[in-house]
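Here's the letter readout for the chains.
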Amino acid sequence: DYSDLAPSKEERRVMRGSRRRPSANPLLPIGTQIAPGHANYVLMYNMLTGIRVSVSRCEAKDSRPVRFDDYIAAHKYSFDVVGDEMTPSSRYDFKFKDYAPWVFRCIREAFHLSTEDYLVSLTDKYILSEVGSSGKSGSFFYYSQDYRFIIKTVHHTEHKFMRQILPQYYEFVRDHPNTLLSRIYGLHRIKLPHGRKVHFIVMSNILPPNKDIHAQFDLKGSMLGRELSAELAAKPRACMKDKNWVKMNQRLHLGPAKRRAFVKQLIEDVTLLIRLNIMDYSLLIGVHDLNKGNVAKLRDTTLAMFDPQTTDIQQLNRLTRAHTIRKKVVHTDPVTLDALPHGTAPPLPESMFPELRHSIFYREDGGILSADPNDDPAQFIYYLGVIDILTPYNMVKRTEHIVKAIVHDGSQISAINPRKYGLRFLRFMIRSLEGCED
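Residues numbered from 1 in each chain as written. Predicted model: local features only at pLDDT ≥ 70, side-chain atom pairs only at ≥ 80, totals over all residues. Heavy atoms only, no water.

J.: Is there a simple way to explain the overall build of the chain in this structure?
T.: Looking only at helices and strands, the chain has 13 helices and 14 strands in total. The 438 residues of the chain split such that 52% are buried. For the chain, the computed accessible surface area is about 20,700 Å², with 54% contributed by carbon and sulfur atoms. (Helix = DSSP H or I, 4+ residues; strand = E, 2+ residues; numbered from the N terminus. Buried < 20%, exposed > 50% of the residue type's maximum accessible area, 1.4 Å probe, protein only. Areas by Shrake-Rupley, 256 points an atom, 1.4 Å probe, with all protein chains shown as cover.)

Encoded structure:
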């Protein structure tokens, strides 16, 4: 009987508080939004526990080819603070669901990511990106403690769509090691007591942990509503958009050889997305200027660490330990990296992660080094990836297109059918390459 371990009335109120408060922005799209608050940290703290247990069990099995039933498999786990023989003790009571674990194990293998490295990165300390902020989708992003992976909340419809396209996604990334598509390593769900179900994906972090990003762009090939104000663009790690790119006369300087490889791969990636009826994706570009280096230390002021420090209470008895752990998790605040005591911030990796060496677009210090017209190295490192690839062109998007086309140029609306979206995307990206005229 674990009734004594159930969250207190006050703790449940904290965990459910975000659902009771009205939205500050009534125009925010409906999604699996997790409002700022301590419930976020409880969710993520337990999410990492679930990932470690489920991935370890999957890895213990002998290797074999993927079967049809692997795509629809879903493994359930129930965790409590005390634990039992089947599930180790965790920091809070929750239920965890792991979707298609064998397929995602094979995806990680296709990208040369070892299970050991994956689990070591996903420890019980994690980094939060710009605490309290979320993107237009309402999703929240968290970094693993070494910045190697991003844990992102996704809407239930995105979760369902990921399961639907998983066979095609796996086969594609297996056969295209240089793909620029998001590297998705896991699909999971977590549920706290008396709380809603929250779906997560784990994916590779495109941007480097050991380099300052001096400019960042999110490009869709659309001009409508695609500009960041000058005030916001001046902030560290601001992600600018298509109009900013054009007004700043930006170009990707890849040189002839890398340019050809980039265009070839981008066409292959977009062809898959069109075939899967996907739209609204974008090319994320991070620019590191080798002449500026890491002098600004931009990450230290925009990232924070969450560490409840529960290792000092192991000597307490069972019930006292459960109560103390819950209290620490619920009431611990994240601390920005620049405010941590000297020497306590997570160390930056000294070199790129080994799995990146197998892709021509990530093997040069985690990115692709710019080049001049003679293919000689230049002063920038580009970090590139096609992101947000889980939006199908469904009835919601069709309706959005019809409504917006009444007052705007239909060709510039973000929500257009996948073929038109893909061709527009490709045209914009190829025209953004220096020397594309040849």
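J.: Where do I start with the sheet that holds strand 8 (residues 215-219) in this structure?
T.: Working definition: the strands of a sheet are paired by backbone hydrogen bonds and lie parallel or antiparallel to each other. In spatial order, the strands read 9-8-10-14-13; together these five strands make up an open sheet with mixed pairing. In this open sheet, the two edge strands, each paired with only one partner strand, are strand 9 (239-240) and strand 13 (368-371). Across five bridges, strand 8 lies against strand 10 (residues 282-289) in antiparallel orientation. Bridging from a neighbouring strand, Gln216 pairs with Gly286 of strand 10. (Pairing = 2+ DSSP bridges.)

J.: I tried to follow the pairing of strand 7 (residues 197-204) on my own but got confused; where do I start?
T.: It is a general feature of regular strands that their side chains alternate between the two faces of the sheet. Among the eight residues of strand 7, seven are classified as buried, and the element is accordingly described as predominantly covered. As judged from the seven bridges shared by strand 6 (residues 184-191) and strand 7, these two strands associate in the antiparallel manner. By the bridge assignment for strand 7, Gly186 is matched with Val202.

J.: Explain unusual backbone geometry to me, please; I cannot follow it from the model alone.
T.: Peptide bonds are, in most cases, trans, and in most cases residues other than glycine have a negative phi. With a phi close to 60 degrees, His112 is a non-glycine residue in the positive phi region. Here His112 shows up in the loop between helix 4 (101-110) and helix 5 (115-121). Positive phi is not limited to glycine here, since Asn277 has a value of about 65 degrees.

J.: Please explain the packing of helix 9 (residues 255-275) against helix 13 (residues 418-431) as it appears in this structure.
T.: When two helices pack together, their arrangement is given by the angle between the helix axes and by the axis-to-axis distance. At a closest axis distance of 9 Å, the pairing of helix 9 and helix 13 adopts a crossing angle of 165 degrees. One finds that helix 9 runs roughly antiparallel with respect to helix 13. In terms of crossing hand, the pair formed by helix 9 and helix 13 is right-handed. Residues Val263, Leu266, Ile267, Val270 and Ile274 of helix 9 lie in contact with helix 13, whose contacting residues are Pro418, Arg419, Gly422, Phe425, Leu426, Met429 and Ile430. Here the contact of helix 9 with helix 13 is built from residues that sort into ten nonpolar, one polar and one charged. (Axes fitted to C-alpha atoms, helices over the stretch in contact; angles between N-to-C directions. Parallel < 35°, antiparallel > 145°, perpendicular 65-115°, else oblique. Left-handed = near helix turned anticlockwise from the far one by under 90°. Contact = heavy atoms within 4.5 Å. Nonpolar A, V, L, I, M, F, W, Y, C, P; charged D, E, K, R; others polar.)

J.: Honestly, the pairing of strand 5 (residues 149-154) in this entry has me stumped. Any pointers?
T.: Of all six residues in strand 5, six are buried, a share of seventy percent or more. The alternating pattern of strand 5 places Phe149, Ile151 and Thr153 and Ile150, Lys152 and Val154 on opposite faces, both of which are buried. Here strand 4 (residues 141-144) runs beside strand 5; their pairing, made up of three bridges, is antiparallel. Within strand 5, the residue paired with Phe141 across the bridge is Lys152.

J.: Just checking my understanding: could you explain the packing of helix 4 against helix 6 (residues 156-175) for this structure?
T.: Where helix 4 meets helix 6, the closest approach of the two axes is 10 Å, and the angle between their N-to-C directions is 30 degrees. In terms of axis orientation, helix 4 runs roughly parallel to helix 6. When you trace helix 4 past helix 6, the crossing you get is left-handed. Residues Val103, Phe104, Cys106, Ile107 and Ala110 of helix 4 form the contact with helix 6, whose participating residues are Met162, Leu166, Tyr169, Tyr170 and Arg174.

J.: Honestly, the packing of aromatic side chains in this entry has me stumped. Any pointers?
T.: The relative placement of two aromatic rings is captured by the distance of their centres and the angle of their planes. All told, the structure shown has 13 aromatic pairs when counted by the stated rule. Seen in terms of ring centroids, Phe149 and Tyr185 are 5.7 Å apart; in terms of plane orientation they differ by 90 degrees. Their pairing is edge-to-face. In this pair, Phe149 sits in strand 5 while Tyr185 sits in strand 6, placing the two residues 36 residues apart along the sequence. Taking the relative accessible area as the measure of exposure, Phe149 reaches 1% and is therefore buried. For Tyr185, a relative accessible area of 0% gives the class buried. Feature note: the residues Tyr77, Phe79, Phe94 and Phe96 constitute an aromatic cluster, connected by ring pairs. Its end group placed over the ring of Trp102, Arg64 keeps NZ or CZ at 4.5 Å from the ring centre. (Phe/Tyr/Trp six-rings, centres within 6.5 Å; stacked < 30°, edge-to-face > 60°. Lys NZ or Arg CZ within 6 Å of the ring centre and 35° of its normal.)

J.: Can you help me understand the environment of Glu364 in this one?
T.: Structurally, Glu364 can be placed in the loop between strand 12 (335-336) and strand 13. Measuring from C-alpha to C-alpha, the distance between Glu364 and Tyr383 comes to 9.8 Å, with 19 residues separating the pair along the chain. When residues no more than four places from it in sequence are discounted, the contact partners of Glu364 are Lys258, Leu369 and Ile381.

J.: Could you clarify how one ought to interpret the side chain of Arg105 in this entry?
T.: Note on placement: Arg105 falls in helix 4. For Arg105, the side chain forms a polar contact with the main-chain oxygen of Cys58, separated by 2.9 Å. Among residues more than four places away in sequence, those in contact with Arg105 are Cys58, Glu59, Lys61, Asp62 and Ser63. (Polar contact = N/O pair within 3.5 Å; in protein donor to acceptor, adjacent residues only side chain to side chain.)

J.: Explanation requested: helix 9 in the structure shown.
T.: In an α-helix, one turn spans 3.6 residues, which is why side chains three or four residues apart end up on the same side. Over its 21 residues, helix 9 extends 30 Å from the first C-alpha to the last, a length consistent with the 30 Å expected when each residue adds 1.5 Å. Those residues of helix 9 not exposed but buried are Gly255, Pro256, Arg259, Phe262, Gln265, Leu266, Asp269, Val270, Leu272 and Leu273. The inward-facing, buried residues of helix 9 contact helix 6, strand 10, strand 13, strand 14 (377-387) and helix 13. Positive backbone phi, approximately 65 degrees, marks Asn277, located one or two places after helix 9. (Expected span 1.5 Å × (residues − 1).)

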